[in-house]
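# Structure at a glance
One-letter residues, chain by chain:
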Amino acid sequence: MQNAFRKTNLVLFATLWSMNNASASVDVTTTNRGSIDDFGFFAGYGEAYQVRATGSSGSRAEVTRNFHVFDLSNLSGTVTSATITFFHPGENGQGSTSYDSPDSSETITFYDVGSSSASDIASFTKALGVFADLGTGTSYGTLTTDSSVNTLDDSGTFQTITLNSDALASIQSSLDLGGDWLIGGSLPTWQPDGSQLPGGNPNANERIFRGSTSAAFANLPPTTLTLDGVVVPEPSLLTLFL
């Protein structure tokens, strides 16, 4: 009798849990984000997630690529779709507009990040390999932006992209393993000699999320990963039915 009662309660719990979480959507904010330059140094580690490509007197380029880290260890389920929302800092009297480029628009490509790079990021290790990894590999999606994201106050602008099927497969793997999920972004269209610009300009700047490097923006809104079909388990509820 007791076993039958216990089994009935477990079925009831499973039914209620399924009804409440069948179409769940969860927002996961970054536990870490930043950028790394082409010398292998972390640039403004923490809140600075600028993506940059700058000509230097027609010689060496200075390039930074960004990364965003999300902790998925307390989530479960099967992800059906995913988006990422980024924040473009406002100008706020700093003279640092988020979009800074002579081009009418720029496109950032986001890539997978290997496990070794994830370890180097976590340990704050100088590594050119991390820089290379952030701009190569499997593409998870793109963000095309322009000067319309710039604001003259500190309000800033949010911009959301939809991640592709390769990203979903990677997210699902991180969910199943119970670990972090990372993404890296770069400007793949930039040329060191400025030849992508009319007439060529070796000193041209292309900077996205500019202003995230300023001390005035120490408390910027986090980057947010939104997952559909994923829930935060509440195992403590099970004890109510046992």
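What comes next is a walk through the structure.

Criteria and thresholds
- Residues numbered from 1 in each chain as written.
- Predicted model: local features only at pLDDT ≥ 70, side-chain atom pairs only at ≥ 80, totals over all residues.
- Heavy atoms only, no water.
- Helix = DSSP H or I, 4+ residues; strand = E, 2+ residues; numbered from the N terminus.
- Contact = heavy atoms within 4.5 Å.
- Areas by Shrake-Rupley, 256 points an atom, 1.4 Å probe, with all protein chains shown as cover.
- Phe/Tyr/Trp six-rings, centres within 6.5 Å; stacked < 30°, edge-to-face > 60°.
- Buried < 20%, exposed > 50% of the residue type's maximum accessible area, 1.4 Å probe, protein only.
- Pairing = 2+ DSSP bridges.
- Core = buried A, V, L, I, M, F, W, Y, C linked by side-chain atoms within 4.5 Å.
- Salt bridge = Lys/Arg side-chain N within 4 Å of Asp/Glu carboxyl O.

### Digging into the overall build of the protein chain
- Along the protein chain, the regular secondary structure elements total 4 helices and 11 strands.
- Of the contacts formed within the protein chain by residues at least 6 apart in sequence, a portion of 82% connects residues at least 24 apart.
- In the form shown here, the protein chain has an accessible surface area of approximately 11,600 Å², with 52% of it arising from carbon and sulfur atoms.

### A word on the side chain of T30
- Looking at the secondary structure, you find T30 in strand β1 (residues 25-37).
- If sequence neighbours within four positions are ignored, T30 has contacts with H68, V69, F70, P222 and T223.

### Section: the packing of aromatic side chains
- For the coordinates displayed, the defined rule picks out 6 aromatic pairs.
- Taken together, a centroid distance of 4.9 Å and an interplanar angle of 55 degrees make the contact between F87 and F158 tilted. Of this pair, F87 sits in strand β5 (residues 76-88) while F158 sits in strand β8 (residues 157-162), and the two are 71 residues apart along the sequence.
- For F158, a relative accessible area of 52% corresponds to the exposed category.

### Here's the deal with the pairing of β5
- As judged from the 7 bridges shared by β5 and strand β11 (residues 224-231), these two strands associate in the antiparallel manner. When the bridges of β11 are listed, A82 appears paired with L227.
- Relative to β8, β5 runs antiparallel, the two sharing 6 bridges. The partner of I84 across the bridge, within β8, is I161.

### Observations regarding the nonpolar core
- L72, I84, L163, I171, W181, L225 and L227 are the most contacted members of the largest nonpolar core, which totals 33 residues.
- Among the secondary structure elements, those contributing two or more residues to this core are β1, β5, β6 (106-111), β7 (139-145), α4 (165-177), β9 (180-186) and β11.
- Ranked by residue count, the leading element in this core is β5, at 5 residues.
- Each residue touching L225, except ones within four places of it in the same chain, is listed here: V26, D27, V28, F70, L72, A82, T83, I84, L163, I171 and W181.

### A few points about the pattern of salt bridges
- For the coordinates displayed, the defined rule picks out 2 salt bridges.
- Residue R207 is joined to D100 by a salt bridge in which the shortest nitrogen-to-oxygen separation is 2.7 Å. Of the two residues, R207 sits in strand β10 (residues 205-208) while D100 sits in the loop between β5 and β6, which places them 107 residues apart along the sequence.
- A salt bridge links R210 to D100; the shortest N-O distance between them is 3.4 Å. One end of the pair, R210, is in the loop between β10 and β11; the other, D100, is in the loop between β5 and β6, and 110 residues separate them in sequence. Accessibility assignment for this pair places R210 and D100 in one class, buried.
- Salt bridges here are not isolated pairs; linked through shared partners, they connect D100, R207 and R210.

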